[in-house]
Each structure stands twice: as C-alpha cells, then as structure tokens.
Amino acid sequence: MNKGGGPKMLRPKSCPRCKTGDVGVDKDHHGWYEFCIQCGYLRDLIGVIEVETKPSGQAKGRGRGSRTSGKGKSKYA
Ligand SMILES: [Zn+2]
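Residue numbers restart at each chain and count upward from 1, following the sequence in its written direction. Totals for whole chains, interfaces and linings use every residue, but because this is a predicted model, local features are given only for residues with pLDDT of at least 70 and side-chain atom pairs only at 80 or more, for both listing and counting.

Caption draft 1: Structural context of the sheet that holds strand β3 (residues 31–36). Here, any two strands with at least 2 DSSP bridges between them count as paired. Helix numbering and strand numbering both begin at the N terminus, where a helix is a DSSP run of H or I of at least 4 residues and a strand a DSSP run of E of at least 2. Taken together, four strands build an open sheet; the order of strands is β1-β2-β3-β4 and the sheet is antiparallel. Unpaired on one side and paired on the other, β1 (10–11) and β4 (42–44) mark the two borders of the sheet. Note: strand β2 (residues 23–28) against β3, six bridges, orientation antiparallel. Opposite Lys 27, over in β3, you have Trp 32 as the bridge partner.

Caption draft 2: Representation of the environment of Gly 24 within the structure. Mapped onto the fold, Gly 24 is located in strand β2. This entry defines residue contacts through backbone-placed C-beta atoms, with two residues in contact when those atoms are within 7 Å. Apart from residues lying up to four places away in sequence, Gly 24 is in contact with Met 9, Leu 10, Glu 34, Phe 35 and Ile 37.

Caption draft 3: Examining unusual backbone geometry more closely. Unusually for a residue other than glycine, Lys 13 sits at a positive phi of about 55 degrees. Exposure criterion: with C-beta atoms placed from backbone coordinates, a residue whose C-beta has 20 or more other C-beta atoms within 10 Å is buried, one with 12 or fewer is exposed, and one in between is partly exposed. With 12 C-beta atoms counted inside 10 Å, the residue Lys 13 sits in the exposed group. Despite not being glycine, Lys 19 shows a phi value in the positive range, around 70 degrees. Here Lys 19 is to be found in the loop between β1 and β2. In this structure Lys 19 comes out as exposed when scored by C-beta crowding, with 11 C-beta atoms within 10 Å.

What follows is the structure in structure tokens.
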C-alpha cells in the first residue's frame, strides 16, 4: 500500500542543468520557483500569476437616488 504522500510537484530528472536532478516546484513570498534538489539549480517561474479577484470600480459617481433637496416648495404641516 502506498497511501499518503501529498501531491508533490517533483519532476524527476528534468533539471536543465545537470539533467539528472529532480526538479521541484515551490512557492515563497516572491512567487513560484523551481529548483533542483541535486545541483541547486534555481529558477523563478514567471508566468504563474495568482489570480486576484478584485472588484473593478463600477457603479460609481452616478447621481442616482439622491434626495432632492427641498427647494422651492416648502412643505408644512
Ligand atoms: Zn540539477
């Protein structure tokens, strides 16, 4: 049984430098990078960008629903 062992992103023998090292992918505060556990090859992975869902400014500055200031006709009880 070979249970357990999380999804490790490790590509065996795919190091462009030493050709025989295992290349893993990890992430730090800078972003994703790949590294060879054998020769120490390191490379930033650009292109992998975290998708940030941020609401774009919309429905803004539309004069709608504003109360009409009482001008002209004054209402009295
Ligand atoms: Zn290597």
